Structures are given as structure tokens and as C-alpha cells.
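What follows is each chain in one-letter form.
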Amino acid sequence: MSTLRMAAVAAEFGRDLEEDFAVAERLIKEARAEGVRLLALPEACLGGYLLSLDDDTVLDAGPPPLAADGPEIRRLAALAGELTVVAGYCEAGTDGRRYNSVVCVNGDGVLGNHRKVHQPLSEDASYASGDRFHAFDTPVGRIGMLICYDKAFPESARALALDGAEIGVVVSAWPGARTNAAPDLVNDRWKRRFDLFDRARALENQIVWVSSNQSGTFGSLRFVGSAKVVDPGGEILAETGVGAGLAIAELDVARALETARRSMGHLRDRRPETYTYAGAVSA
């Protein structure tokens, strides 16, 4: 049996890149000491997220745009070493636009990159949108990556699963509810949605799911934490709760996928010829 020890992070990150790298380095060292081989840091962990998602709020200059092959990503790769590390950042596109992106690295360099496709609320005022989903091979298996709101759309994770992803890694800066916020994040309705999406995406695609998130506060946002690892049956193997921490789980990924898909294989039993749109519904 060949098992993979993996971890999802809930932690607080801000605008100061040096502070962010200090937090990332501490978490990588902690993961390494725990025998982790796959580590997921949150969305926007290099440079912080947006101060607000309200379009009537004056924002700062936003996170620093970083080149996908630039010195900051190489620095992250060097810190990763033998680990496979996933981390969110603001990507400076060669087209002159900024993208909300996530990169997968190890000591050899960049293994994969994804630009967030689905943008909530006013996020499109700060970032351009990505246009594809894809899986890629890594030393710890075939991975597909999503960012935050991407996971609210079942087609996103399904595209990764159909491309052979064994592990879905979703990085988030998912806040609590903007209106009628619960005093205790444990009871927050946006936290419940965050958790439901994680379990549903794992179960419907019968893949392992590693979900990281920001914690604490940034600007007007209060993040729900709730980093977790979910098995292909939709069961939570490890979670941080609403605070900061590492959710660590160990699993034989190949065996878990085989077992989950043996009787009812959701990908195998698809009927794509029936999934048609019958016509527009009038407004």
C-alpha cells in the first residue's frame, strides 16, 4: 500500500510579501515535520486578497502582481523542496492583465498553474478571468486546481476529473456572510456552503479533495477557515474548524478511488448525450 500524507492550510495572509513568505515557510516546515508530501496554502497567500468585495468601497492598489516564472515563485519552489506545494497569488499576465491564480511547485520549479475562471461580486474589477480547467501530473499524483468560487460550479471539478485528476486542490479566500452575519463563524451560512461544496465536489467526482482557505480578517472580510481533506466518498478526513491550522490526512489515493468507483462509478456511468439544454426560460 502506498499512501499519501496531505495537508490543507487555514491561515492569515496580507499585503506584506515578506511576512507572507515567513508564514509560508513556517507552514512548510511544520508540514515537512509531519511527513506531509502535498500541502495546499490558501488563495492569495502571496500578497493578500482584496480588502472588500463591495463595488462601492474604495480599495487599495491590490495585491502585488507576480510573474508565474518570476523570483517570488522560484522562492516558493525553493522553500517547497521535496514537497508539492500549492499556493495562490496575483499573476502578472504577459498580456498586461492581472489574474487571480494558483501555482503548484516543488524544488524543480512550476508543475502547474490555474487562473480563476468564476469571479464573485466585484472581483472582476481587479482581475481578468481565466478560461480553462486542466489536470497535470506531479510526484504525488495527477492534480487539478480550482480557486474559491470555481468550486460552486460542478462543471469545474467535473472537467478536472474527466481530465484524469485524482486529487482536486481548491484554494480559497472564502469569507463569512456579508449580511446577517452569524456572531460565531461556526454557524455562518457561507461557511456551511463552503463545506457543502467541498463534500459534494469530492463525492460527485469520486476524487480526493484538498481545500485550503484564509482565516482571520482582512479589510472588511472575515474568513471562515475550515480547511479540510475529503475522501472520494465525501467524508471529511481532517479539518481545522474556523480557526487557523493544518488539516492533515493520509490516504492510499489509488485504492480509495478504486473502492469508491467499484460499484457506482459516477464518471463511468455518465450519459453525456442526455445532458442537453432544452431551451431558454423566459425572464
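Residues numbered from 1 in each chain as written. Predicted model: local features only at pLDDT ≥ 70, side-chain atom pairs only at ≥ 80, totals over all residues. Heavy atoms only, no water.

### Quick look at the overall build of the chain
And step 1. Scanning the chain from terminus to terminus reveals five helices and 14 strands.
And step 2. Counting only C-alpha atoms, the chain reaches 55 × 50 × 45 Å along its principal axes.
And step 3. Counting over 283 residues, the chain shows a buried share of 52%.
And step 4. Long-range contacts, defined as pairs at least 24 residues apart, comprise 67% of the intrachain contacts of the chain with a sequence gap of at least 6.
And step 5. Of the accessible surface of the chain, which amounts to about 12400 Å², a share of 51% is contributed by carbon and sulfur atoms. (Helix = DSSP H or I, 4+ residues; strand = E, 2+ residues; numbered from the N terminus. Buried < 20%, exposed > 50% of the residue type's maximum accessible area, 1.4 Å probe, protein only. Contact = heavy atoms within 4.5 Å. Areas by Shrake-Rupley, 256 points an atom, 1.4 Å probe, with all protein chains shown as cover.)

### Points about helix α1 (residues 17-33)
And step 1. When the terminal C-alpha atoms of α1 are compared, their 24 Å separation across 17 residues agrees well with the 24 Å that a helix rising 1.5 Å per residue should span.
And step 2. Within α1, the full set of buried residues consists of Leu17, Asp20, Phe21, Val23, Ala24, Leu27, Ile28 and Ala31. Buried residues in α1, looked at end-on, bunch into an arc of 160 degrees, giving them a common side. For α1, exposure combined with an orientation more than 90 degrees from the buried face picks out Glu19, Lys29 and Ala33.
And step 3. Of the residues flanking the start of α1, the one acting as N-cap is Asp16, its side-chain oxygen 2.9 Å from the backbone nitrogen of Glu18.
And step 4. Gly35 occupies a position one or two residues after α1 and carries a positive phi of about 80 degrees. (Expected span 1.5 Å × (residues − 1). Arc of directions from axis to C-beta. Polar contact = N/O pair within 3.5 Å; in protein donor to acceptor, adjacent residues only side chain to side chain.)

### Some details on the packing of aromatic side chains
Aromatic rings considered in pairs are described by the distance between their centres and by the relative angle of their planes.
And step 1. In the structure shown here, the tally under the stated rule is three aromatic pairs.
And step 2. A centroid spacing of 5.3 Å and a plane angle of 70 degrees characterise the contact between Trp174 and Phe194, whose relative ring orientation is edge-to-face. Residue Trp174 is found in the loop between β8 (167-172) and α4 (189-205), and its partner Phe194 is found in helix α4; the two are separated by 20 residues along the sequence.
And step 3. Judged by relative accessible area, Phe194 falls into the buried class, the value being 0%. (Phe/Tyr/Trp six-rings, centres within 6.5 Å; stacked < 30°, edge-to-face > 60°.)

### Concerning the packing of helix α3 (residues 154-162) against α4
And step 1. Relative orientation of the contacting elements α3 and α4 amounts to 40 degrees, with a least axis distance of 10 Å. Overall, the two elements α3 and α4 adopt an arrangement that is oblique. Read as a crossing pair, α3 and α4 show a hand that is right-handed. Along the contact surface, α3 presents Pro154, Ala157, Arg158 and Ala161, while α4 presents Arg201, Glu204 and Asn205.
And step 2. Looking at the contact of α3 with α4 residue by residue, the class counts come to three nonpolar, one polar and three charged. (Axes fitted to C-alpha atoms, helices over the stretch in contact; angles between N-to-C directions. Parallel < 35°, antiparallel > 145°, perpendicular 65-115°, else oblique. Left-handed = near helix turned anticlockwise from the far one by under 90°. Nonpolar A, V, L, I, M, F, W, Y, C, P; charged D, E, K, R; others polar.)

### Re the state of the cysteines
And step 1. For the coordinates displayed, the defined rule picks out zero disulfides.
And step 2. Left unpaired, Cys104 is separated from the closest cysteine sulfur, that of Cys45, by 12 Å.
And step 3. Using a relative accessible area of 0% as the deciding quantity, one classes Cys104 as buried. (Disulfide = S-S within 2.5 Å.)

### Structural notes on the layout of surface pockets
Over the atoms rolls a probe the size of a water molecule, and its path tells where empty space is left.
And step 1. Considering only enclosed or pocket space, the largest pocket measures out at about 230 Å³ in volume.
And step 2. Considered class by class, the residues forming the lining of the largest pocket number twelve nonpolar, no polar and two charged.
And step 3. Lining the second largest pocket, in full, are Ala68, Glu91, Tyr99, Asn113, His114, Arg115, Ser129, Gly130, Asp131, Arg132 and His134.
And step 4. With three residues, strand β5 (residues 109-115) is the largest single contributor of residues to the lining of the second largest pocket.
And step 5. Classifying every residue of the lining of the second largest pocket by side-chain character gives two nonpolar, five polar and four charged. (1 Å grid on protein atoms, 1.4 Å probe; cavity = no way out; pocket = protein on both sides within 12 Å on 5 of 7 lines; lining within 4 Å. Points joined across faces, edges and corners; volume = space filled by probe spheres on them.)

### Description of the nonpolar core
And step 1. Of all hydrophobic cores here, the largest spans 35 residues; its most connected members are Met6, Leu38, Ile167 and Val169.
And step 2. By residue number, the principal contributor to this core is strand β1 (residues 4-11), which donates four residues.
And step 3. In this view, Val169 contacts Leu38, Ala40, Val86, Ile143, Gly144, Met145, Leu146 and Val210; residues no more than four positions away in its chain are not counted.
And step 4. Listed in part, the 28 residues of the second largest apolar core include Leu17, Leu46, Val85 and Val105. (Core = buried A, V, L, I, M, F, W, Y, C linked by side-chain atoms within 4.5 Å.)

### Here we look at unusual backbone geometry
And step 1. Non-glycine residue Cys148 carries a positive phi angle of around 45 degrees.
And step 2. Mapped onto the secondary structure, Cys148 falls in the loop between β7 (141-147) and α3.
And step 3. Of the residues examined, Cys148 reaches a relative accessible area of 5% and is grouped as buried.
And step 4. Its identity as a non-glycine residue notwithstanding, Gln206 has a phi of 55 degrees, on the positive side.

### Section: the packing of α1 against helix α2 (residues 71-80)
And step 1. At a minimum axis separation of 10 Å, α1 and α2 run at an interaxial angle of 20 degrees. Comparing the axis directions of α1 and α2 gives the class roughly parallel. Crossing handedness for the pair α1 and α2: right-handed. Across the interface between the two elements, Leu17, Glu18, Phe21, Glu25, Ile28 and Arg32 from α1 touch Glu72, Arg75, Leu76, Leu79 and Ala80 from α2.
And step 2. Partitioned by chemical class, the residues of the contact of α1 with α2 number six nonpolar, no polar and five charged.

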